[in-house]
Amino acid sequence: MIAAQAALETKMLLRNGEQLLLTVVIPTLLLVLFSSVDVVDTGAGKAVDFLTPGILALAVMSTAFTGQAIATGFERRYGVLKRLASSPLPRWGLMTAKTASVLVTEILQVVLLTVIAFALGWSPHGNPLAVLLLLVLGTAAFSGLGLLMAGTLKAEATLAAANLVFLLLLVGGGVIVPLDKFPSGAEHVLDLLPISALSDGLRSVLQHGADTPWGDLGVLAVWAVVGLAAAGKFFRWE
């Protein structure tokens, strides 16, 4: 039942034009545009080496947080979650299916963005296991926050808030603009955001060849625990 629901969730996600734009088209366009045009000062080295880790982090956020929050919020509004909760599929099974759908979509995103980045001249380094751990913890952190938003706010408020957060974190999360371009006080605060920790951690490994960015992993782990715990406690099914 979980596998069937996960397959359905994935098909619905990939057939949704707006979510497809958010999760696939926007990250791809940003990667190609800012790697090809010298608009932002990304420091020494090729722009694509700086941008690709940040765009991968953005892809995770767009799927696990923004896309999942909006879709789940409207499912809750229209009573879909309530009906599914009364089906033979248990509630934890539904959440597991949604998580599996997010992971499948992220795999497709990562493969697509990696192929494009290599075509643009990307030269990654570092430990693949550290990259995988960062992506998993980032997914858990953003999923918890997305479900918390979808399960507590009205659907329209979730739509507005999720898109606003996406735009704000795109600009201030170290995805395209390096955090050292911000004032020092703001930089220290932005470092604690999940998107900053994920993009910085991926950049440390893939661009600079670091082994395991424990600090960034710690930030993501805290966000994951807090977000998932809060979602589990405050999520309303109707």
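The coordinates are above.
Reference entry: report on the structure contained in this document.

Brief notes about the side chain of glutamine 109
Okay, so step 1: Residue position: glutamine 109 is located in helix H5 (residues 91–119).
Okay, so step 2: At 2.6 Å, the side chain of glutamine 109 and the side chain of threonine 63 are in polar contact.
Okay, so step 3: With sequence-adjacent residues up to four places away left out, glutamine 109 is seen in contact with Thr23, Val24, Ala59, Ser62 and Thr63.

Some points on the layout of surface pockets
Okay, so step 1: Quantified by volume, the largest pocket comes out at close to 470 Å³.
Okay, so step 2: Lining the largest pocket we find 23 residues, and of these Asn16, Gln19, Gly67, Ile70 and Ala71 sit closest to its centre.
Okay, so step 3: Going through the elements one at a time, helix H1 (2–15), helix H2 (17–36), helix H3 (47–77), H5 and helix H7 (155–172) are the ones with two or more residues in the lining of the largest pocket.
Okay, so step 4: With nine residues, H3 is the largest single contributor of residues to the lining of the largest pocket.
Okay, so step 5: Grouping the constituent residues of the lining of the largest pocket by class yields 10 nonpolar, nine polar and four charged.
Okay, so step 6: Taken as a whole, the second largest pocket spans an internal volume of roughly 350 Å³.
Okay, so step 7: In terms of lining, the second largest pocket is formed by 19 residues, of which the most central are Val110, Pro128, Val131, Leu132 and Leu135.
Okay, so step 8: Elements with a contribution of two residues or more to the lining of the second largest pocket: H3, H5 and helix H6 (128–152).
Okay, so step 9: Residue contributions to the lining of the second largest pocket peak at six residues, all from H6.

Topic: the pattern of salt bridges
Okay, so step 1: Counted according to the given criterion, the structure contains three salt bridges.
Okay, so step 2: When the shortest N-O distance is used, the salt bridge between glutamate 75 and lysine 98 registers 2.7 Å. In this pair, glutamate 75 sits in helix H3 while lysine 98 sits in helix H5, placing the two residues 23 residues apart along the sequence. Each of the two residues, glutamate 75 as well as lysine 98, counts as buried.
Okay, so step 3: A salt bridge links glutamate 156 to arginine 77; the shortest N-O distance between them is 2.3 Å. Placement of glutamate 156 in helix H7 and of arginine 77 in helix H3 is noted, with a sequence separation of 79 residues between them.
Okay, so step 4: When salt bridges with common partners are traced through the structure, they connect Glu9, Glu75 and Lys98 into a single cluster.

Topic: the packing of aromatic side chains
Okay, so step 1: This model, assessed by the stated rule, comprises four aromatic pairs.
Okay, so step 2: Measuring from centroid to centroid gives 6.5 Å for phenylalanine 65 and phenylalanine 142, while their planes differ by 55°, and the two rings are tilted. Of the two residues, phenylalanine 65 is situated in helix H3 and phenylalanine 142 in helix H6; the sequence distance between them amounts to 77 residues.
Okay, so step 3: Looking at phenylalanine 65, the relative accessible area reads 4%, which means it is buried.
Okay, so step 4: Just above the ring of phenylalanine 50 sits the side chain of arginine 203; from NZ or CZ to the centre is 3.8 Å.

Side note on the packing of H3 against helix H9 (residues 194–206)
When two helices pack together, their arrangement is captured by the angle between the axes and the distance separating the axes.
Okay, so step 1: Packing of H3 against H9 leaves a shortest axis separation of 8 Å and a crossing angle of 140°. As judged from the angle between their axes, H3 and H9 are oblique. Where H3 crosses over H9, the handedness of that crossing is right-handed. The segment H3 lies against H9, with Phe50, Pro53, Gly54, Leu56, Ala57, Leu58, Val60 and Met61 engaging Ile195, Leu198, Ser199, Leu202, Arg203 and Leu206.
Okay, so step 2: The class makeup of the residues in the contact of H3 with H9 is 11 nonpolar, two polar and one charged.

Observations regarding the packing of H3 against H7
Okay, so step 1: Axis separation between H3 and H7 bottoms out at 8 Å; the angle between their running directions is 170°. One way to sum up the angle between H3 and H7 is to call them roughly antiparallel. Between H3 and H7, the residues in contact are Leu58, Met61, Ser62, Phe65, Thr66, Ala69, Ile70, Gly73, Phe74 and Arg77 and Ala155, Glu156, Thr158, Leu159, Ala162, Asn163, Val165, Phe166, Leu169 and Leu170, respectively.
Okay, so step 2: Among the residues forming the contact of H3 with H7, the class breakdown is 13 nonpolar, five polar and two charged.

Each value, and the rule that gives it
Residues numbered from 1 in each chain as written. Predicted model: local features only at pLDDT ≥ 70, side-chain atom pairs only at ≥ 80, totals over all residues. Heavy atoms only, no water. Helix = DSSP H or I, 4+ residues; strand = E, 2+ residues; numbered from the N terminus. Polar contact = N/O pair within 3.5 Å; in protein donor to acceptor, adjacent residues only side chain to side chain. Contact = heavy atoms within 4.5 Å. 1 Å grid on protein atoms, 1.4 Å probe; cavity = no way out; pocket = protein on both sides within 12 Å on 5 of 7 lines; lining within 4 Å. Points joined across faces, edges and corners; volume = space filled by probe spheres on them. Nonpolar A, V, L, I, M, F, W, Y, C, P; charged D, E, K, R; others polar. Salt bridge = Lys/Arg side-chain N within 4 Å of Asp/Glu carboxyl O. Buried < 20%, exposed > 50% of the residue type's maximum accessible area, 1.4 Å probe, protein only. Phe/Tyr/Trp six-rings, centres within 6.5 Å; stacked < 30°, edge-to-face > 60°. Lys NZ or Arg CZ within 6 Å of the ring centre and 35° of its normal. Axes fitted to C-alpha atoms, helices over the stretch in contact; angles between N-to-C directions. Parallel < 35°, antiparallel > 145°, perpendicular 65-115°, else oblique. Left-handed = near helix turned anticlockwise from the far one by under 90°.

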